[in-house]
Amino acid sequence: VLKLVWRRILLSLLTLFLVSIIVFAATEVLPGDVATAVLGREATPEAVESLRQELGLDEPAVERYREWLQGLLTGDLGQSLSRDEPIADLVGVRLRNTLILATVAALIGIPVALALGIVAGARRDSILDVLVSIVALVTMSLPEFVVGTILILVFSLWLGIVPAVTTVDPDASISALMPNVWLPALTLAIVMIGWIVRMMRTCLIESLDSDYVRMATLRGLSRRRIVLAHAVPNALLPTISVIALTVAWLIGGVVIVEAVFNYPGIGTLTVEAVHNRDLPLVQAVTLIGAATFILVNLIADLLMLAANPRLRTMRT
Amino acid sequence: MADEQDRWIGDKPMTRKTAIKSAGAAALALPLLSTPAWSAPSTRAATIKTLRIAYAQSTPSESLDPASPNRVNALFLLYNRLVRPDARGLPTPDLAVSWSANAGGDVWTFKLRSGVRFHDGKQFTARDVVYTVDHVLDPATRSPGAAVLSTVLDRGAVTAVNPTTVRFRLKQPHADFPLLMMHFATSIIPEGSAATIGTTGIGTGPFREAEFVAGTRNTLQRFDRYWEGRPLLDRVIYIDIGDAQARTNALVANQVDLLIDNLDFAAARTISARSNLKVLEAPSGRWTTICMSANRPPFTDQRVREAMKLVIDPRQVIQAVLQGKGSPAGDNPVPLTDPYRQAITRVRNTSRARDLLRQAGHPNGIEVDLYTSSSEATMVSLAVVYAELAKDAGIKVNLKEISPDSYWNDNWRKEALFTGWWGERAADQVLNEIFRCGSRNNESQWCNRQYGWALDRARTQLKLPARVDQYRKAQRLLVRNSGHIIPFFVNSQRGMSKRVTGYTARTDIVRWHRVGLT
């Protein structure tokens, strides 16, 4: 098993390396660079040229990539070109904010989704099931900004219990930040719930249809016991991978939600970085996104390995 | 606690020592204040008057240096210029009390206000003016103001005659030189401050810097020794909110009091529907254009350019593109309020346009590609409306919409026909900067010698009526000849709480020390 884990980790590092090359190349291809982005439309060519030299943008792309990689390997993410701050400082506090947001969203979303999925699956074709399925479909198809806007309308403008947009600094204390977390977290939770509900429901229905459930029914176990003790644990296995994908999306895909709520996280930083062609910063945020994606999936695989004896004993 | 501190500052006469102390107290109090900022603005307003302004930062590397290409929005709160515009756009005294030129119009002398202090207590003198102008002209500053000033000034051309008199020796006569000193880049900074001004923001203005987090937040505090009197507001906070919808939400939810970025139509409707909010609307000098490259066929022919202009129906275009929120420009970029403006009315005439095209050798009309981008709200809709109007004159317009990311780099000024926009500029500046042969921002490459002469003569005419004649002559040439189709000036629309007082729709003449909150 350890060998398996090591192989997965090595593969992950290779993936990250490839991601960094692709992102670097993609940002290079975008028109303009940080000098034109920062100085604006009316900048003189001389000013752009001198800023380019100052930032070392006149060096060939391969050379700049090599320098960046070298820095990364020694644990130095480099300096942001557009903000003139160490990237580690910039990213650190925003990563914290996004993690808070994602954690709250996951804590709200996952239990609710699982419960709804179980209820719908256990009472297949009942009115409740139809209702849950419809709601799940609706939330899946609504874009984040629509959900966010509706929530702002209800909770900020009508009820006035939480702020509509975040106006505290990125490095505000957690207690200052928290009032601003609820709405974006709820938005994320609503958008992610649908996927998990549907997966949970389908898997549970499949388990309930299996021989061991029929066996348990014949032995006279209560329906409640059959569902919770026998069917749900088996149905959870495939659901875990969907949850993992959703959580990974939470951290990598918060761009729109953060923009709608002006939430100072990785998402807004990513948009800013790309807009300003701030290459080292783009590299840093995308690598963090990719690393989270890989890490969450790795954990999910390990969890499934732990939960499924057949996978565990299989030699690869 | 923070509130008490502030009242205490207000009651005591400010000495230099208390000024320093209170600045420290304010810095300590800020984190406390920002915590409940969304929840209890009304209770706080009774004790401390804080104006909260939402803005969209254009770049995270913002600088407090007025000469910087990344200058902050708060320049006129922190600084004064020598002269500022009055309601008619004419120069009126700010840090200068009077000015005069020699007979040739190439040596200008400004008498300065005495007794004005910088935020750090230092006295304002002529040497600060000399230093400021040299700082703007320094290539290392990369100031957008350098392009404007360097047409008449070299570094070292400004001298301090005595502490309250400063003299400018121009490279060539300029009868309206004081207009150039209204440029924001010439906001006066203390002598020797070039290295630090970007973070200290020390000026002579009604507010002083309290806490500056570039690209995120800028907090300013009342400057009690401001020479025009104590400001009404205690504090002004600029908060960066990137998304336009989020800015509107913040205003509606009472998290901010003022949106200084221009509103789109949907946001303006949302805001004016609220009883506690209002939309300030005013004609501005900002224009959107369809620009023909005068050195690229078929636009090398003046008759084709004229035909392209004749298809515009100003009223219809303003209705369709701006939902009526604009004024006809008549292809003339000089602001409607500018004393030098040549009044012009253009009317649509498609049969004349067809005639002109026929004379130019296009009996079957022409087909052209028009490049545009959604990077500016009105450009695409203007292009769409134009293509529709042009059909009637036998002009087939193919629209090419380009991603905002690459438009300004790859297409603007590089195609034969493209859209663009410019912010308000006074007559002399806009005519020289954007339309004159050889100027870097001459996006249409239009070159007309008579036009250049008229502008040169205008600058040397010290008598106002003679100057007006020359500028108007230049404008008539431009309207008839140039490569620019300029159908309208866009009205500016800003959203604000009705509690804000003293903030006017013409934002360039806002007197910040008179802005208050009720």
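Residues numbered from 1 in each chain as written. Chains lettered and ligands numbered in written order. Predicted model: local features only at pLDDT ≥ 70, side-chain atom pairs only at ≥ 80, totals over all residues. Heavy atoms only, no water.

Asks: Is there a simple way to think about the overall build of chain A in this case?
Replies: Tallying secondary structure elements over chain A gives 14 helices and zero strands in all. Counting from the amino terminus, helix and strand elements in chain A follow one another as α-α-α-α-α-α-α-α-α-α-α-α-α-α. Each principal axis of the C-alpha distribution contributes one length, and for chain A these read about 85 × 60 × 35 Å. For chain A, buried positions account for 45% of its 316 residues. Nonlocal contacts in chain A, meaning residues at least 24 apart in sequence, comprise 76% of its contacts between residues at least 6 apart. Taken as a whole, chain A presents about 15,800 Å² of accessible surface, with 69% of it coming from carbon and sulfur. Looking at chain A, you have 23 positive and 26 negative side-chain charges, and the mean spots of the two groups are 21 Å apart. (Helix = DSSP H or I, 4+ residues; strand = E, 2+ residues; numbered from the N terminus. Buried < 20%, exposed > 50% of the residue type's maximum accessible area, 1.4 Å probe, protein only. Contact = heavy atoms within 4.5 Å. Areas by Shrake-Rupley, 256 points an atom, 1.4 Å probe, with all protein chains shown as cover. Lys, Arg positive; Asp, Glu negative; His and termini not counted. Charge placed at Lys NZ, Arg CZ, Asp CG, Glu CD.)

Asks: Would you mind going over the nonpolar core with me for this structure?
Replies: Note that soluble globular proteins tend to have their nonpolar side chains buried in a common cluster. Val181(A), Ile196(A) and Leu204(A) are the most contacted members of the largest nonpolar core, which has 69 residues in total. Among the elements that make up this core, the one with the highest residue count is helix H8 (residues 174-208) of chain A (15 residues). Beyond its immediate chain neighbours, meaning those up to four positions away, Leu204(A) contacts Gly117(A), Ile118(A), Gly121(A), Ala122(A), Val227(A), Ala231(A), Val232(A) and Ala235(A). One finds Val311(B), Leu382(B), Ile485(B) and Val490(B) within the second-largest nonpolar core, a separate group that totals 35 residues. (Core = buried A, V, L, I, M, F, W, Y, C linked by side-chain atoms within 4.5 Å.)

Asks: Would you mind going over the packing of aromatic side chains with me for this structure?
Replies: How two aromatic rings sit relative to each other is given by the distance of their centres and the angle of their planes. All names here are of chain B. Summed over the entire model, instances satisfying the criterion amount to 17 aromatic pairs over all chains. Seen in terms of ring centroids, phenylalanine 118 and phenylalanine 124 are 6.3 Å apart; in terms of plane orientation they differ by 70 degrees. Their pairing is edge-to-face. On the basis of relative accessible area, phenylalanine 124 is assigned to the buried category, the value being 3%. A connected cluster of aromatic rings, assembled from ring pairs, spans Trp99, Trp108, Phe110, Phe168 and Phe177. For arginine 286, the ring lying beneath its charged end belongs to tryptophan 421, and the centroid distance is 4.1 Å. (Phe/Tyr/Trp six-rings, centres within 6.5 Å; stacked < 30°, edge-to-face > 60°. Lys NZ or Arg CZ within 6 Å of the ring centre and 35° of its normal.)

Asks: Would you explain helix H4 (residues 61-73) of chain A in this entry?
Replies: The α-helix advances 3.6 residues per turn, and as a result positions three or four apart in sequence lie on the same side. Residue and element names in this part refer to chain A. Spanning 13 residues, H4 covers 18 Å between terminal C-alpha atoms, matching the ideal 18 Å at 1.5 Å per step. Buried within H4 are the following residues: Arg64, Tyr65, Trp68 and Gly71. What you see down the axis of H4 is that its buried residues fit within an arc of 125 degrees, all on one side. Within H4, the exposed residues directed more than 90 degrees away from the buried face are Val62 and Leu73. The inward-facing, buried residues of H4 abut helix H1 (2-29) and helix H13 (279-307). Once H4 finishes, glycine 75 follows within two positions and takes phi at roughly 85 degrees, a positive value. (Expected span 1.5 Å × (residues − 1). Arc of directions from axis to C-beta.)

Asks: Just checking my understanding: could you explain the interface of chain A and chain B for this structure?
Replies: A common way to express how large an interface is: the accessible area buried when the components associate. At the junction of the two partners, chain A supplies 36 residues and chain B supplies 39 residues. The interface formed by chain A and chain B holds one salt bridge in total. We note a salt bridge from Asp169(A) to Arg217(B), for which the minimum N-O separation is 2.3 Å. Our count for the chain A to chain B interface comes out at six residue pairs in polar contact (both at pLDDT 80 or more). Of all elements in the fold, only helix H2 (34-39), helix H3 (45-55), helix H7 (144-158), H8 and helix H11 (255-261) of chain A reach the threshold of two or more residues within the side of chain A that touches chain B. Here the element with the most residues in the side of chain A that touches chain B is H3(A); it accounts for five residues. Residue composition of the side of chain A that touches chain B, grouped by class: 21 nonpolar, eight polar and seven charged. (Salt bridge = Lys/Arg side-chain N within 4 Å of Asp/Glu carboxyl O. Polar contact = N/O pair within 3.5 Å; in protein donor to acceptor, adjacent residues only side chain to side chain. Nonpolar A, V, L, I, M, F, W, Y, C, P; charged D, E, K, R; others polar.)

Asks: Quick question: what am I supposed to make of the sheet that holds strand S5 (residues 107-112) of chain B here?
Replies: Either a parallel or an antiparallel arrangement is found when strands of a sheet pair, and the pairing is made through backbone hydrogen bonds. Residue and element names in this part refer to chain B. Read from one edge of the open sheet, four strands run S4-S5-S7-S6, paired in antiparallel fashion. Either end of the sheet is taken by a strand with one partner, and the two such strands are strand S4 (96-101) and strand S6 (158-162). Averaged over all pairs of adjacent strands, the angle between their axes in this sheet comes to 25 degrees, without regard to strand direction. Against the sheet, helix H5 (residues 126-137) contacts S5, S6 and strand S7 (165-169), and its axis sits at roughly 180 degrees relative to S6. (Pairing = 2+ DSSP bridges. Axes fitted to C-alpha atoms, helices over the stretch in contact; angles between N-to-C directions.)

Asks: What am I meant to see in a nonpolar patch on the surface here?
Replies: Residue and element names in this part refer to chain A. On the surface, a cluster of nonpolar side chains totalling about 550 Å² of accessible area is made up of Leu11, Leu14, Phe17, Leu18, Ile21 and Ile22. Tracing the sequence through the fold places leucine 18 in helix H1. Residue class for leucine 18 comes out partly exposed when judged on its relative accessible area of 45%. (Patch = residues over 30% accessible without salt bridge, like charges linked within 9 Å, V, L, I, M, F, W, Y side chains within 5 Å.)

Asks: Sorry if this is basic, but what is going on with the state of the cysteines here?
Replies: Each disulfide is one covalent bond, formed between the sulfur atoms of two cysteines. Residue and element names in this part refer to chain B. As enumerated under the stated definition, the model contains one disulfide over all chains in all. Covalently, cysteine 437 is tied to cysteine 447 through a disulfide, its sulfur atoms 1.9 Å apart. Sign of the S-S torsion, about 80 degrees for the bond between cysteine 437 and cysteine 447, identifies this disulfide as right-handed. One end of the pair, cysteine 437, is in the loop between helix H16 (427-435) and helix H17 (449-460); the other, cysteine 447, is in the loop between H16 and H17, with ten residues separating them in the sequence. (Disulfide = S-S within 2.5 Å.)

Asks: What exactly am I supposed to notice about the side chain of Asn70(B) here?
Replies: Within the secondary structure layout, Asn70(B) lies in the loop between strand S1 (50-55) and helix H4 (75-78). For Asn70(B), the side chain forms a polar contact with the side chain of Ser61(B), separated by 3.4 Å. Setting aside anything within four residues of it in sequence, one finds Asn70(B) in contact with Val38(A), Thr59(B), Ser61(B), Glu62(B) and Ser63(B).

Asks: Could you clarify how one ought to interpret the pattern of salt bridges in this entry?
Replies: Two side chains with opposite charge may pair up if their charged atoms get near one another. All names here are of chain A. Counted by the stated rule, this structure contains 32 salt bridges over all chains. Where aspartate 129 meets arginine 201, a salt bridge forms, and the shortest distance between an N and an O atom there is 2.7 Å. Taken together, the residues span a long stretch of sequence, with aspartate 129 in helix H6 (residues 127-141) and arginine 201 in helix H8 at a distance of 72 residues. Relative accessible area serves as the criterion here: at 2%, aspartate 129 is assigned to the buried category.

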